Amino acid sequence: RSILEHQLGVMGMRLDAAHNGERALQILRAGAAAGAGYDVALIDRQMPGMDGVRLVAEIRADAALDGLKTVMLSSPDCAGEAAEARAAGVDAYLVKPVAFAQLGKTVSMVLEISGEIEAEDVRAQAAFRGARVLLAEDNFVNREIGVAMLQALACTVDCAGNGREAVAEVSNRSYDVVLMDCQM
């Protein structure tokens, strides 16, 4: 969830997150009631309590949420889940882990946005394609987010967990850029 929140934030999207289907439905309904409805919901297929397919069914049954686009996210090797999700009314289906570019293209598609996000992504990929990057980050989650974003830009990424490892890496290899956490 934190990786998706970060990726969507980088795309400039305003978002809210929920830890389960029941809470997501509460947030969606509250937004609709306040006149500040959501445009798209990214929904994990496998959540505790109300799973993603049931959440989509609840959304589709609620007139106040009419027009809300849904994107289902699921783990690989889940036979029949894509068909089940489509039957429930899902607008798009993605297999995790989702690459930054793929997420942007899918959200653009379901929202019927002109190619703005895709065009920006293509320009960024062209600028960074093949760049060798060292990411120095001690927090595992931040490191995973950084790697995913850099790989989506077609960079070759190495990681260091602290400053000493970063210095050793730079001594042994040539990098186009070193990105580092300033509080390791």
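Residues numbered from 1 in each chain as written. Predicted model: local features only at pLDDT ≥ 70, side-chain atom pairs only at ≥ 80, totals over all residues. Heavy atoms only, no water.

Novice: Can you tell me about the nonpolar core, naming the residues and giving the values?
Specialist: The biggest cluster of nonpolar side chains holds 17 residues, and the ones touching the most others in it are Leu25, Ile43, Leu55, Ile59 and Met72. Elements that contribute at least two residues to this core include exactly α2 (21-33), β1 (40-44) and α3 (52-61). With 4 residues, α3 is the largest single contributor of residues to this core. Sequence-distant contacts of isoleucine 59, defined by excluding residues within four places in its chain, comprise Leu25, Leu28, Ile43, Leu65, Leu68 and Thr70. One finds Leu8, Val40, Leu73 and Ala152 within the second-largest nonpolar core, a separate group that totals 13 residues. (Core = buried A, V, L, I, M, F, W, Y, C linked by side-chain atoms within 4.5 Å. Buried < 20%, exposed > 50% of the residue type's maximum accessible area, 1.4 Å probe, protein only. Helix = DSSP H or I, 4+ residues; strand = E, 2+ residues; numbered from the N terminus. Contact = heavy atoms within 4.5 Å.)

Novice: Requested: an account of the sheet that holds strand β6 (residues 177-180), with residues and values cited.
Specialist: What the 3 strands build is an open sheet, ordered β5-β4-β6; its pairing is parallel. Among the strands making up the open sheet, the edge pair consists of β5 (156-160) and β6. Put simply, the sheet's adjacent strands are angled 20 degrees from each other on average, direction ignored. Pairing of strand β4 (residues 132-136) with β5, which is carried by 5 bridges, proceeds in the parallel orientation. Opposite leucine 135, over in β5, you have cysteine 159 as the bridge partner. On top of the sheet, helix α7 (residues 140-152) reaches β4, β5 and β6; it is set at about 165 degrees to β5, its chief contact. (Pairing = 2+ DSSP bridges. Axes fitted to C-alpha atoms, helices over the stretch in contact; angles between N-to-C directions.)

Novice: Tell me about the pairing of strand β2 (residues 69-74), residues and numbers included.
Specialist: For a regular strand, side chains alternate in direction, first toward one face of the sheet and then toward the other. Most of β2 sits out of view: 5 of its 6 residues are buried. Examined bridge by bridge, β1 and β2 share 5 bridges and lie parallel to one another. Residue pairing in the sheet places aspartate 44 in a bridge with leucine 73 of β2. In the classification by handedness, the crossover that spans β1, the intervening α3 and the parallel β2 is right-handed. Two strands pair when backbone bridges link them, and β2 and strand β3 (residues 92-95) are joined in this way by 4 bridges, in the parallel orientation. Note on β3: the bridge partner recorded for serine 74 is valine 95. (Right-handed = clockwise from strand over helix to strand, strands pointing away.)

Novice: Hey, could you go over the sheet that holds β3 for me, with residue numbers and the actual values?
Specialist: Sheet architecture is open: 3 strands sit in the order β1-β2-β3, paired in parallel fashion. Two strands bound the open sheet, and with one partner strand each, they are β1 and β3. Shown here is a sheet whose adjacent strand axes are inclined to one another by a mean of 20 degrees, direction ignored. Where α3 meets the sheet, its contacts fall on β1 and β2, and the angle it forms with β2 comes to roughly 175 degrees.

Novice: Break down the side chain of threonine 70 for me, citing the residues and quoting the values.
Specialist: Structurally, threonine 70 can be placed in strand β2. With a relative accessible area of 0%, threonine 70 lands in the buried category. When residues no more than four places from it in sequence are discounted, the contact partners of threonine 70 are Ala41, Ile43, Val56, Ile59, Arg60, Gly89, Val90, Asp91 and Ala92.

Novice: For the packing of helix α1 (residues 2-10) against α7, give the residues involved together with the corresponding values.
Specialist: Running from N to C, α1 and α7 cross one another at 50 degrees; their axes reach a closest spacing of 10 Å. Taken together, the axis directions place α1 and α7 in an arrangement best described as oblique. The handedness of the crossing between α1 and α7 comes out as right-handed. Touching Ser2, Ile3, His6, Gln7 and Val10 of α1 are Val141, Glu144, Ile145, Ala148 and Met149, all from α7. (Parallel < 35°, antiparallel > 145°, perpendicular 65-115°, else oblique. Left-handed = near helix turned anticlockwise from the far one by under 90°.)

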